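Per-entry structural report
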Amino acid sequence: NKVLNVADLTAECLLGYLWMRYFELRFVKDKSKTLSDKWYGIAPFAVMFGLCVASVFNGWFFNIDENNVYHRGPMYAIELLLLYLYPFITSVQAVILRKKARTSTERQNFTALGVYIVFPAVCGVIQVIMPDLLLTGFGITLGLVNVFVRLQEQKITRDSLTRLNN
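Residues numbered from 1 in each chain as written. Predicted model: local features only at pLDDT ≥ 70, side-chain atom pairs only at ≥ 80, totals over all residues. Heavy atoms only, no water.

Considerations on a nonpolar patch on the surface
Our working rule: Here the term patch refers to residues with relative accessible area over 30% and no salt bridge, with like charges joined within 9 Å and nonpolar side chains (Val, Leu, Ile, Met, Phe, Trp, Tyr) within 5 Å. Surface accessibility follows the Shrake-Rupley procedure with a 1.4 Å probe radius. Residue values consider only the protein chains on display as shielding. The term salt bridge refers to a side-chain nitrogen of Lys or Arg lying within 4 Å of a carboxyl oxygen of Asp or Glu. Numbering of helices and strands runs from the N terminus; a helix is a DSSP stretch of H or I covering at least four residues, while a strand is a stretch of E covering at least two.
On the surface, a nonpolar cluster with roughly 590 Å² of combined accessible area is contributed by Val118, Val122, Val125, Ile126, Ile129, Met130 and Leu133. Tracing the backbone through its elements, the reader meets Met130 in the loop between helix H5 (118-129) and helix H6 (136-156).

Digging into unusual backbone geometry
Although it is not a glycine, Asn68 sits at a positive phi angle of roughly 65 degrees. Within the secondary structure layout, Asn68 lies in the loop between strand S1 (62-64) and strand S2 (70-72).

Regarding the packing of helix H1 (residues 2-27) against helix H2 (residues 39-58)
Put simply, the test is: Note on method: axes are straight lines fitted to C-alpha atoms, helices fitted across the in-contact stretch only, with angles between N-to-C directions ranging 0 to 180 degrees. An angle below 35 degrees is treated as roughly parallel, one above 145 as roughly antiparallel, one from 65 to 115 as roughly perpendicular, and anything else as oblique. Here, residues are in contact when the closest pair of their heavy atoms is within 4.5 Å. Only Asp, Glu, Lys and Arg are considered charged, only Ala, Val, Leu, Ile, Met, Phe, Trp, Tyr, Cys and Pro nonpolar, and every remaining residue, Gly among them, polar.
As a packed pair, H1 and H2 sit with axes 9 Å apart at the nearest point and diverge in direction by 175 degrees. Classed by the angle they form, the pair H1 and H2 counts as roughly antiparallel. Two secondary-structure elements touch here, H1 through Lys2, Val6, Leu9, Thr10, Cys13, Leu14, Tyr17 and Met20 and H2 through Gly41, Ile42, Pro44, Phe45, Met48, Phe49, Cys52, Val53 and Val56. Here the residues of the contact of H1 with H2 sort into 14 nonpolar, two polar and one charged.

Digging into the side chain of Glu24
Formally: For every residue, the accessible area obtained with a 1.4 Å probe (protein chains only) is divided by the maximum for its type, and the residue is called buried under 20%, exposed over 50%, and partly exposed between those limits. When charges are tallied, Lys and Arg are placed among the positive residues and Asp and Glu among the negative ones, while His and the ends of the chain are skipped.
Here Glu24 lies in helix H1. An unpaired buried charge is present at Glu24: no salt bridge exists, and Arg21, the closest side chain of opposite charge, is 5.3 Å distant. Once residues within four sequence positions are removed from consideration, Glu24 is found in contact with Lys31, Thr34, Leu35, Ser36 and Gln93.

Some details on the environment of Phe119
By the element assignment, Phe119 lies in helix H5. With a relative accessible area of 31%, Phe119 lands in the partly exposed category. Separated by 24 residues in sequence, Phe119 and Gly143 place their C-alpha atoms 5.2 Å apart.

Details of the layout of surface pockets
To find the voids left in a structure, one rolls a probe of water-molecule size over its atoms. Short version of the rule: For cavity detection a 1 Å grid was placed over the protein atoms alone, and a set of points counts as a cavity when a 1.4 Å probe fits there but cannot get out; an open set counts as a pocket when protein lies on both sides within 12 Å along at least five of seven lines, with lining residues being those that have an atom within 4 Å of a point. Grid points are joined across faces, edges and corners, and a volume is the space filled by probe spheres set on the points.
Looking at the second largest pocket, its volume works out to about 420 Å³. The wall of the second largest pocket is formed by 22 residues, among which Asn5, Tyr70, Gln127, Pro131 and Leu134 lie closest to the centre. For the lining of the second largest pocket, the elements supplying multiple residues, two or more each, are H1, S2, helix H3 (76-100), H5 and H6.

Written out as structure tokens, the structure reads:
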């Protein structure tokens, strides 16, 4: 059970990093301003992985008792900070790029990408209040589906080859 907790927390943090990496590769034109390809961009993930592995032995993030029941550790707030850091940074980048966008389509795209954080954040707050519910993955999935649907809606009314309205 401890190994699964390490894998789950590490995978959720990795997903946040990959989301930021995708966003920066796809939308940030000035590659000198990207965070994900620098050592300090991957550092929160490395810290998360290290603390998760350490938690198996010292219970910093979580503890599994003799009845195989999960309990939050004393560093739970740091765990949440590390989990939501990448999506938060990506949303801030999207808001900044939205202000610089030239067309309404670009603004709509960046709005969809900036709002992504809402679903994981709401599910995270519910999970903090009700620890028996595991909603982090659900919130991430809802956020990604929301972004996908919002970005695809624009393709319904516009021809991809000519960029003319249908």
